[in-house]
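Coordinate analysis (summary)
Here is how the chains run, residue by residue.
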Amino acid sequence: SATLPEFRMKQKIKTKLCFVIMGFGKKTDYKSGKTLNLDATYNEIIKPAVEECEIECIRADEISHSGSIDKEMYRKLLLADIVIADISTNNANALYELGVRHALKKGTTIIMSEKDGDLHFDLNHTATLIYEHLGDDIGCSEARKKKGELRNLIATALQEIKTDSPIYTYLPDLKTPTLSEEEIEEIVEESKE
């Protein structure tokens, strides 16, 4: 069975993929009382940082699909070269998807959260990029600073693939799921369609 990078080399597919886990639009963080425009976080920090690394960036609301969004979301969680999870506002879907990613991959997952948010016990000891959100928008200097920090985290994660999943940290003998070349090719073809 082949890994995705080996498959891409054989197929001369050069584009890496970043899948972004987060809520959309304006959401309220009940701990801090802040209403955050998560689209501003995505558009001003995450997407520009990813694209500056010459990686395709996609969020769940940007997935084109004809059937169930769930199937495509699980594929992205498995096959993405890197996943960025913004868990600000403790969005249940984002936390669930982060858990799925941690179960599927040992590394290349970056967690972000707004500074006044509440990190649950299971995540409060995990490396997290903290940023400050103004509510409706993100200040220019904060966006510039955090975009640069995120860009560096992405580059480091892709160069030095380290275990960042708590599952694989505490269960180091666990084997990550693998796909055959045919299964990967089928997924790539379905994604193209």
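For clarity, every value in this text was computed on a predicted model and none was experimentally measured.

Brief notes about the overall build of the protein chain
Regarding its fold elements, the protein chain presents seven helices and seven strands. Put simply, the protein chain runs from its N terminus to its C terminus through helices and strands in the order α-β-β-β-α-β-α-β-α-β-β-α-α-α. For the protein chain, the residues scored as buried account for 44% of the 193 residues in total. Look at the contacts in the protein chain between residues 6 or more apart in sequence, and 70% of them connect residues 24 or more apart.

A closer look at the nonpolar core
Counting 23 residues, the largest nonpolar core has Ile46, Val50, Ile84, Met112, Leu150 and Ile154 as its most contacted members. Only strand S1 (16-21), helix H2 (38-52), strand S4 (55-59), strand S5 (82-86), strand S6 (109-114), strand S7 (128-131) and helix H5 (140-159) provide two or more residues apiece to this core. Excluding its chain neighbours within four sequence positions, the residues that come into contact with Ile154 are Ala49, Val50, Cys53, Ile55, Ile82, Ile84 and Ile110. Ranked by size, the runner-up nonpolar core spans 20 residues in total, among them Leu17, Ala60, Leu79 and Ala80.

Observations regarding unusual backbone geometry
Phi is mostly negative for residues that are not glycine, and the peptide bonds are mostly trans. Phi at Asn90 is positive, roughly 50°, even though this residue is not glycine. Residue position: Asn90 is located in the loop between S5 and helix H4 (92-104). A positive phi angle, near 65°, is found at Thr108, a position not held by glycine. Taking relative accessible area as the criterion, Thr108 reaches 8% and is therefore assigned buried.

Section: the confidence of the model for the protein chain
Per-residue confidence for the protein chain averages 83 on the pLDDT scale, and 80% of its residues sit at or above 70. Taking the mean pLDDT of every element in the protein chain, the minimum, 47, falls on helix H1 (residues 4-11) and the maximum, 96, on S5. Note that residues 6-13 has pLDDT below 50 and, in this model, 12 contacts with residues that lie over four places away or in other chains.

Regarding the environment of Asp164
Counting through the fold element by element, Asp164 comes out in the loop between H5 and helix H6 (166-170). Relative accessible area serves as the criterion here: at 24%, Asp164 is assigned to the partly exposed category. Residue contacts for Asp164: discarding those within four places in its chain leaves His102, Lys106, Gly107, Thr108, Thr109 and Thr126. Engagement of the side chain of Asp164 in a polar contact is seen with the backbone nitrogen of Thr108, the distance being 3.0 Å. Within the local environment of Asp164, its side chain forms a polar contact with the backbone nitrogen of Thr109, the two atoms lying 2.9 Å apart.

Description of the sheet that holds S6
With parallel pairing, the five strands of this open sheet are ordered in space as S4-S1-S5-S6-S7. The open sheet has two edge strands with one neighbour each: S4 and S7. The average undirected angle you get between the axes of adjacent strands in this sheet is 25°. As paired elements, S6 and S7 share four bridges and run parallel to each other. Along S7, the bridge assignment pairs Ile111 with Thr128. Packed onto the sheet, H2 meets S1, S4, S5, S6 and S7 and runs at close to 160° relative to S4. Across the sheet, H4 is in contact with S1, S5 and S6; its angle to S6 comes to roughly 160°.

A word on H4
Its 13 residues give H4 an end-to-end C-alpha distance of 19 Å, which sits within 8% of 18 Å, the value for a rise of 1.5 Å per residue. Listing the buried residues of H4 in full gives Ala94, Glu97, Leu98, Val100, Arg101, His102 and Leu104. Next to the buried residues of H4 lie S1, helix H3 (69-79), S5, S6 and H6.

Focus on a nonpolar patch on the surface
On the surface, Tyr170, Leu171 and Leu174 cluster together to form a nonpolar patch covering roughly 320 Å² of accessible area. With respect to the helices, strands and loops of the structure, Leu171 is situated in the loop between H6 and helix H7 (181-192).

Rules and cut-offs
Along every chain, residues carry numbers that run from 1 in the direction the sequence is written. In keeping with the predicted nature of the model, local features appear solely for residues at pLDDT of at least 70, side-chain atom pairs appear and are counted solely at 80 or more, and the whole-chain, interface and lining totals rest on all residues. The side-chain values count all of the structure's non-hydrogen atoms but skip hydrogen atoms and water molecules. Elements are defined by DSSP. Helices are runs of H or I of four residues or more, strands are runs of E of two residues or more, and each kind is numbered from the N terminus. Here the term buried applies to any residue with accessible area under 20% of the maximum for its type, exposed to any over 50%, and partly exposed to those in between, with areas from a 1.4 Å probe on protein chains only. We call two residues in contact when some of their heavy atoms are within 4.5 Å. By nonpolar core is meant a set of buried Ala, Val, Leu, Ile, Met, Phe, Trp, Tyr and Cys residues that side-chain atoms within 4.5 Å join together. Confidence scores here are pLDDT values: one per residue, from the predictor, ranging 0 to 100. The term polar contact refers here to a pair of N or O atoms within 3.5 Å; inside protein, the definition further demands a hydrogen-donor-capable atom paired with an acceptor-capable atom, and it admits residues adjacent in sequence only when both atoms are side-chain atoms. Any two strands with at least two DSSP-identified bridges between them are counted as paired. Here, axes are lines fitted to C-alpha atoms. For helices the fit covers the stretch in contact, and angles between N-to-C directions go from 0 to 180 degrees. Expected span of a helix: the number of residues minus one, times 1.5 Å. Residues enter patches when they are more than 30% accessible in relative terms and free of salt bridges; like-charged ones are connected within 9 Å and nonpolar ones (Val, Leu, Ile, Met, Phe, Trp, Tyr) within 5 Å. All accessibility values rest on the Shrake-Rupley procedure with a 1.4 Å probe; residue burial counts only the protein chains present in the view. By salt bridge we mean one thing: a side-chain nitrogen of Lys or Arg within 4 Å of a carboxyl oxygen of Asp or Glu.

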